[in-house]
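If you want the building blocks of each chain, they are given just below.
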Amino acid sequence: MDWWVGPLVTLLVAVITGSGVWAGVLLTRRWQMIQRQDAERAAAEKQQRETQQQKLRAVSYASRLRAHIERGDPPPPEDWPEGIYD
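Residues numbered from 1 in each chain as written. Predicted model: local features only at pLDDT ≥ 70, side-chain atom pairs only at ≥ 80, totals over all residues. Heavy atoms only, no water.

Asks: In this structure, what is going on with the overall build of the protein? I would like to understand it.
Replies: A tally of regular secondary structure across the protein gives 1 helix and 0 strands. Taking 86 residues into account, the globule formula puts the C-alpha radius of gyration at 12 Å, and the protein, at 32 Å, lies well above it. Principal axes of the C-alpha set define a box for the protein whose edges measure 105 × 15 × 10 Å. Counting only residues that meet the buried cut, the protein has 5% of its 86 residues in that class. For the protein, the distance from the average position of its 11 positive side-chain charges to the average position of its 11 negative side-chain charges is 4 Å. (Helix = DSSP H or I, 4+ residues; strand = E, 2+ residues; numbered from the N terminus. Rg over C-alpha atoms; globule rule 2.2 N^0.38 Å. Buried < 20%, exposed > 50% of the residue type's maximum accessible area, 1.4 Å probe, protein only. Lys, Arg positive; Asp, Glu negative; His and termini not counted. Charge placed at Lys NZ, Arg CZ, Asp CG, Glu CD.)

Here it is, written out as structure tokens:
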């Protein structure tokens, strides 16, 4: 065997090992980024649902107030529903 085969094999093993470590680091970072994006998306969807529910409660209350006025019912109108101004 030639003198250069041993160092070449050592070098190849080091490059392959380094590539594996590097690929592992990149995959780990990518996985963490995907998890963070999923969490952010879930939080945004939750906020959107809550905002939509709040808007529906306000519209419903406004409709009930209009009906109260149109029927000619005396003051005071019904109380504010929970969650409109939370």
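Asks: Would you mind going over a nonpolar patch on the surface with me for this structure?
Replies: A contiguous nonpolar patch, built from Trp 3, Trp 4, Leu 8, Leu 11, Leu 12, Val 15 and Ile 16 and spanning about 800 Å² of accessible area, is present on the exposed surface. On the accessibility criterion, Leu 12 (45% relative accessible area) is partly exposed. (Patch = residues over 30% accessible without salt bridge, like charges linked within 9 Å, V, L, I, M, F, W, Y side chains within 5 Å. Areas by Shrake-Rupley, 256 points an atom, 1.4 Å probe, with all protein chains shown as cover. Salt bridge = Lys/Arg side-chain N within 4 Å of Asp/Glu carboxyl O.)

Asks: Please clarify how helix α1 (residues 5-71) should be interpreted in this entry.
Replies: Note that an α-helix has 3.6 residues per turn; residues three or four places apart therefore point the same way. Between the first and last C-alpha of α1 there are 98 Å, a value that for 67 residues agrees with the 99 Å anticipated at 1.5 Å per step. The positive-phi residue at the C-terminal boundary of α1 is Gly 72, with phi of around 80 degrees. (Expected span 1.5 Å × (residues − 1).)

Asks: What should I look at first to understand the environment of Trp 22 in this one?
Replies: Locating Trp 22 in the fold gives a position in helix α1. Taking relative accessible area as the criterion, Trp 22 reaches 57% and is therefore assigned exposed.

Asks: Got a minute to help me understand the pattern of salt bridges in this structure?
Replies: If the charged atoms of two oppositely charged side chains come close together, the side chains can form a pair. In the structure shown here, the tally under the stated rule is 5 salt bridges. Two residues, Glu 78 and Arg 64, come together in a salt bridge whose shortest N-O distance is 2.9 Å. Of the two residues, Glu 78 sits in the segment after α1 while Arg 64 sits in helix α1, which places them 14 residues apart along the sequence. On the accessibility criterion, Glu 78 (39% relative accessible area) is partly exposed. Of the charged contacts, one joins Asp 73 and Arg 71 as a salt bridge, the two residues approaching to 2.8 Å between their closest N and O atoms. Residue Asp 73 is classed as partly exposed on the basis of its relative accessible area, which comes to 31%.

Asks: Looking at this structure, how should I read unusual backbone geometry?
Replies: What you tend to see is this: most non-glycine residues have negative phi, and most peptide bonds are trans. A cis amide bond links Pro 75 to the next residue, Pro 76, at an omega of -5 degrees. In this fold, Pro 76 is placed in the segment after α1.

Asks: Looking at this structure, how should I read the side chain of His 68?
Replies: Structurally, His 68 is set in helix α1. Filtering out sequence-adjacent residues up to four positions away, His 68 remains in contact with Asp 73, Pro 74, Pro 76 and Pro 77. (Contact = heavy atoms within 4.5 Å.)

By themselves, these observations are geometric and do not establish any function.
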